[in-house]
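# Close look at the chain arrangement
Next come the chains, spelled out residue by residue.
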Amino acid sequence: MKEQLEERLKELKNEFENGKKVLEELDAKRANLTQTLLRISGAIQALEDLMPKEEVSN
């Protein structure tokens, strides 16, 4: 019984560590995507500012 508990504990700790790694990767991807969207938003704004007002449709 003790061996089973120790094995399960080891498995859970491994799963926990793997989950933390995945979460860190997702956080990094989210940060990169947020920066990309901010750059795109800035480019849209810059282009809209350059267009004559009557041609902007959104």
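### Some points on the overall build of the chain
A tally of helices and strands in the chain yields one helix and zero strands. Taking 2.2 N^0.38 as the reference for a compact globule, 58 residues should give roughly 10 Å; the C-alpha atoms of the chain span a radius of gyration of 24 Å, well beyond that estimate. Taken along its principal axes, the extent of the C-alpha atoms in the chain is 75 × 15 × 5 Å. By the burial criterion, 0% of the 58 residues in the chain qualify as buried. As presented, the chain carries roughly 5,700 Å² of accessible surface, and 58% of it is formed by carbon and sulfur atoms. With 10 positive and 13 negative side-chain charges, the chain shows a separation of 7 Å between the mean positions of the two kinds.

### A word on the pattern of salt bridges
For the structure shown, the criterion picks out four salt bridges. A salt bridge links Glu11 to Arg8; the shortest N-O distance between them is 3.3 Å. In this pair, Glu11 and Arg8 are both assigned in helix H1 (residues 2–50), three residues apart and thus about one turn of the helix distant. One salt-bridge network, in which partners are shared between bridges, spans Arg8, Glu11 and Glu15.

### A closer look at a nonpolar patch on the surface
Taken together, Leu33, Leu37, Ile40 and Ile44 make up a surface patch of nonpolar side chains, about 370 Å² in accessible area. If you trace the backbone, Ile44 turns up in helix H1.

The rules behind the values
Residues numbered from 1 in each chain as written. Predicted model: local features only at pLDDT ≥ 70, side-chain atom pairs only at ≥ 80, totals over all residues. Heavy atoms only, no water. Helix = DSSP H or I, 4+ residues; strand = E, 2+ residues; numbered from the N terminus. Rg over C-alpha atoms; globule rule 2.2 N^0.38 Å. Buried < 20%, exposed > 50% of the residue type's maximum accessible area, 1.4 Å probe, protein only. Areas by Shrake-Rupley, 256 points an atom, 1.4 Å probe, with all protein chains shown as cover. Lys, Arg positive; Asp, Glu negative; His and termini not counted. Charge placed at Lys NZ, Arg CZ, Asp CG, Glu CD. Salt bridge = Lys/Arg side-chain N within 4 Å of Asp/Glu carboxyl O. Patch = residues over 30% accessible without salt bridge, like charges linked within 9 Å, V, L, I, M, F, W, Y side chains within 5 Å.

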